[in-house]
Amino acid sequence: MNDSDRQNLINHLRDSIKAAYQQALDADAQLDALANENLAQFESVLKPGSGFSSEAVRFQPYVEELGQDLLALQDSDNFTADLEKLALKLKLLLQTLARFKSFDK
């Protein structure tokens, strides 16, 4: 992969993480409202072993971890392997956000 392709891919990932961040803010606001009514009682948004080192009851920490992963990817000596890990984590988070949003309707 040449440098231009790598940069285009990083830019695309950055845009996807920005979109996930906006979705996470909305989802976290809904979770806050549910928690105020004692309806959000769980230990973690994602199950342990999901690939994330974060374990939280809101989505934002997972998005922050993706941002850190993206920064690390830019200087990675193991770009392809690190890209695959980041892509799987992003996919899982976006799918989870989409499922959460579908429950709201």
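In case you missed it, the structure is sitting above this.
A brief look at the structure comes next. (Residues numbered from 1 in each chain as written. Predicted model: local features only at pLDDT ≥ 70, side-chain atom pairs only at ≥ 80, totals over all residues. Heavy atoms only, no water.)

1. Looking at the overall build of the chain
- Along the backbone of the chain there are 3 helices and 0 strands.
- In the chain, the succession of helices and strands from N to C terminus is α-α-α.
- Projecting the C-alpha coordinates of the chain onto the three principal axes gives extents of approximately 50 × 25 × 15 Å.
- In the chain, of all internal contacts separated by at least 6 residues, the share reaching a separation of at least 24 is 61%.
- Accessible surface computed for the chain: about 6900 Å², of which carbon and sulfur atoms make up 49%.
- Here the chain contributes 11 positively and 17 negatively charged side chains, and the mean placements of these two sets differ by 5 Å. (Helix = DSSP H or I, 4+ residues; strand = E, 2+ residues; numbered from the N terminus. Contact = heavy atoms within 4.5 Å. Areas by Shrake-Rupley, 256 points an atom, 1.4 Å probe, with all protein chains shown as cover. Lys, Arg positive; Asp, Glu negative; His and termini not counted. Charge placed at Lys NZ, Arg CZ, Asp CG, Glu CD.)

2. Topic: the packing of helix α1 (residues 3-36) against helix α3 (residues 79-103)
- Direction vectors running N to C along α1 and α3 enclose 30°, while the axes themselves pass 10 Å from each other. One element, α1, and the other, α3, form an angle in the roughly parallel class. Classified by chirality, the crossing of α3 by α1 is left-handed. Contact with α1, carried on its side by Arg6, Leu9, Ile10, Leu13, Ser16, Ile17, Ala20, Gln23, Ala24, Ala27, Gln30 and Leu31, involves Phe79, Leu83, Leu86, Leu90, Leu93, Leu94, Leu97 and Phe100 of α3 and no other residues of that element. (Axes fitted to C-alpha atoms, helices over the stretch in contact; angles between N-to-C directions. Parallel < 35°, antiparallel > 145°, perpendicular 65-115°, else oblique. Left-handed = near helix turned anticlockwise from the far one by under 90°.)

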